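Topology and contacts: notes
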Amino acid sequence: MNQQKKIIENITKKWLFLVSLTTLVILIGIFFLLFFTGIKAFSEISLFEFFFGTNWNPTAYHEPSWGIFSLFIGTLMVTFGSLAFAIPLGIMSAIYLAEIASPKVREIVKPTIEMIAGIPSVVLGLIGLLFLSPLIAKLFGLSSGLTGLTSSIVVGIMVLPTIISISEDVITSLPREFKEASLALGATKWQTIKMVLVPASLSGIVAAIMLGLGRAVGETIVVLMLAGNSRAFPTSIFDSVRPMTANIAIEIKEVIRGGLHYKSLFAIGLVLFLMTFLINFISDLIIDKHVKKYKW
Amino acid sequence: MVDTKIKIRDLDFFYGKKQILFNVDLDFYSNQITSLIGPSGCGKSTLLRCLNRMNDIIPGIKVNGNILYNKFNLYKEENSVVEIRKKIGMVFQKPNPFPMSIFNNVSYGLRVQGEKDKEKIKKIVRESLEKADLYDEVKNRLNSSAFSLSGGQQQRLCIARALAINPDVILLDEPCSALDPIATAKIEELLKKIKKEHTIIIVTHNMHQAKRISDYTCYLLDGKIIEFSETNELFNNPKNKLTKDYINGVFG
Ligand SMILES: Nc1ncnc2c1ncn2[C@@H]1O[C@H](COP(=O)(O)OP(=O)(O)O)[C@@H](O)[C@H]1O
Ligand SMILES: [Mg+2]
């Protein structure tokens, strides 16, 4: 009987090990594929042109150009545009839910917000296309409503649930004693929020923002549908932009496998990977520090 | 004769439908230390937290009766919770400094009140730390995190933080229960010293502590006042059989 149990336990252990090993191998495989294909592009494209050139036109008849700077700015514009919108709204909602809303309201609102995270991004893109984009065109007198702003707003809505839900968790998981100590010293509820609760949860809130940031950088379908995808160097948030993700999605269908264009798209993928990797790495560091600080 | 600082009359307290305090009548005297003793769960913390309306933050509570502080009815004036808490400070069971520097912890109450004068804040922080017998231990690291202090030091920091806004009354809820005997002794000394300027009400489950430091002691059982008198009287000559049983350890 005992013997049998041991054998089953042993097999389960080995099996789980095998599964995690496979996952790891696949992930490493993907990275190497990305890395070694992408890196080959630089045997023919100068690093300087790639990173600082503002022209991206690999299929030009005479002289193709390989500068991703405009695309990179497009990515930054949508990322930071969406965060400029999602950060204040997210933090305010989190504070409201954690400290001000009645338990009843919280019970309804929180799951609803978390549900938004489950809406497929293509659906959000569709809604943006049908409602937001005409509205923006009209509001700002633009010929097209497909702009950096439009996609920023929708990407912002996508990352909002992450920011709200994690920040709310961070604030509510603060020791109750902080709040009581502050109130007992004659502080009002608002002073307590401003002077104790928010500063104490700051690193957790920053980590939530970083997670949202990672998601915004990698978002593809929404920007593909709403950003307009012009390759021109964007000068304002009302311009049509083509972030790096959208560029890969658009062009990968028309390239010859193994050609320079193909390799250069992998190089862009590599840049995106490094960006999100860095963001995740930093947020891990911050979360780690946060956890240590409040082991209390 | 001693003045009465706080008068509790006919106080009933409920968490939802569950009644915790029954018809409590009790006086606390100015510049005296009064201990509240009684078995765990008998309502000591609840009673103490009625005195600065700290229970208000718990949903579903109900309070009947009156608590008079200098003739001022704590439960009548709807919007003065903040003012009440400036006058009636509190120190909690577990040391709970804010995640800030030592200096900012002590100055918190002043900053909350909008005090901007840096020199004045510095002076009060120093005086409060001195009163709490902590200044010498921390004077070279006022900007370090409060969490870098030992448990006993953190609790004295919390006392300094409460003292900084110069409260009239100080409530302490088992402030030494998480501390070792040496840290406990330091806090007891300090309480005896500061009672000259403040009225002190302390909850303790430690009868020896009540005996050592308090002038008056109140024995509470199942939400009712069983006996209240001068500490020596209560311990040496209890009037009520229940009190006698408790101090003789029949209750464990
Ligand atoms: N927030 C609360 N909600 C409901 N019941 C509570 C709450 N806090 C304390 N109680 C109950 O009130 C009674 C008295 O608690 P308390 O005042 O903390 O006792 P003591 O401090 O003497 O140990 C206990 O039975 C406890 O379970
Ligand atoms: Mg208690």
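Residues numbered from 1 in each chain as written. Chains lettered and ligands numbered in written order. Predicted model: local features only at pLDDT ≥ 70, side-chain atom pairs only at ≥ 80, totals over all residues. Heavy atoms only, no water.

Secondary structure assignment for chain B yields 10 helices and 10 strands. The globule rule puts the C-alpha radius of gyration for 252 residues at 18 Å, and the 18 Å found for chain B is close to it. Dimensions of chain B, computed from the C-alpha atoms along their principal axes, are close to 55 × 40 × 35 Å. Within chain B, the fraction of its 252 residues that count as buried is 54%. When contacts within chain B are restricted to residue pairs at least 6 apart in sequence, those whose partners lie at least 24 apart make up 67%. The centroid of the 38 positive side-chain charges in chain B is displaced by 3 Å from the centroid of its 30 negative side-chain charges. (Helix = DSSP H or I, 4+ residues; strand = E, 2+ residues; numbered from the N terminus. Rg over C-alpha atoms; globule rule 2.2 N^0.38 Å. Buried < 20%, exposed > 50% of the residue type's maximum accessible area, 1.4 Å probe, protein only. Contact = heavy atoms within 4.5 Å. Lys, Arg positive; Asp, Glu negative; His and termini not counted. Charge placed at Lys NZ, Arg CZ, Asp CG, Glu CD.)

Turning next to the pairing of strand β6 (residues 88-91) of chain B. Residue and element names in this part refer to chain B. Of the two faces of β6, the one holding Ile88 and Met90 and the one holding Gly89 and Val91 are both buried throughout. Across four bridges, β6 lies against strand β7 (residues 169-173) in parallel orientation. From the neighbouring strand, isoleucine 88 faces β7, where its bridge partner is valine 169. (Pairing = 2+ DSSP bridges.)

Here the focus is a nonpolar patch on the surface. All names here are of chain A. Judged by side-chain polarity, Ile116, Ile119, Val122, Val123, Leu126, Ile127, Leu129, Leu130, Phe131, Ile157 and Ile221 come together as a nonpolar surface patch covering roughly 880 Å² of accessible area. No other element matches the seven residues that helix α5 (residues 121-140) contributes to the nonpolar patch. As for its placement among the helices and strands, valine 123 is situated in helix α5. (Patch = residues over 30% accessible without salt bridge, like charges linked within 9 Å, V, L, I, M, F, W, Y side chains within 5 Å. Areas by Shrake-Rupley, 256 points an atom, 1.4 Å probe, with all protein chains shown as cover. Salt bridge = Lys/Arg side-chain N within 4 Å of Asp/Glu carboxyl O.)

This part covers the interface of chain A and chain B. Taken together, the contact pairs 19 residues of chain A with 25 residues of chain B. Between chain A and chain B the total buried area reaches about 2000 Å² when both faces are included, carbon and sulfur atoms providing 70% of it. Between chain A and chain B we count one salt bridge in total. B:Arg49 is the partner of A:Glu180 in a salt bridge, and the nearest nitrogen-oxygen pair spans 2.9 Å. Linking chain A with chain B are four residue pairs in polar contact (both at pLDDT 80 or more), by the criterion used here. Contributions of two or more residues to the side of chain A that touches chain B are made by α7 (176-184) and α8 (189-218) of chain A. A total of seven residues in the side of chain A that touches chain B trace back to one element, the largest contributor, which is α7(A). (Buried area = accessible area lost by both parts, 1.4 Å probe. Polar contact = N/O pair within 3.5 Å; in protein donor to acceptor, adjacent residues only side chain to side chain.)

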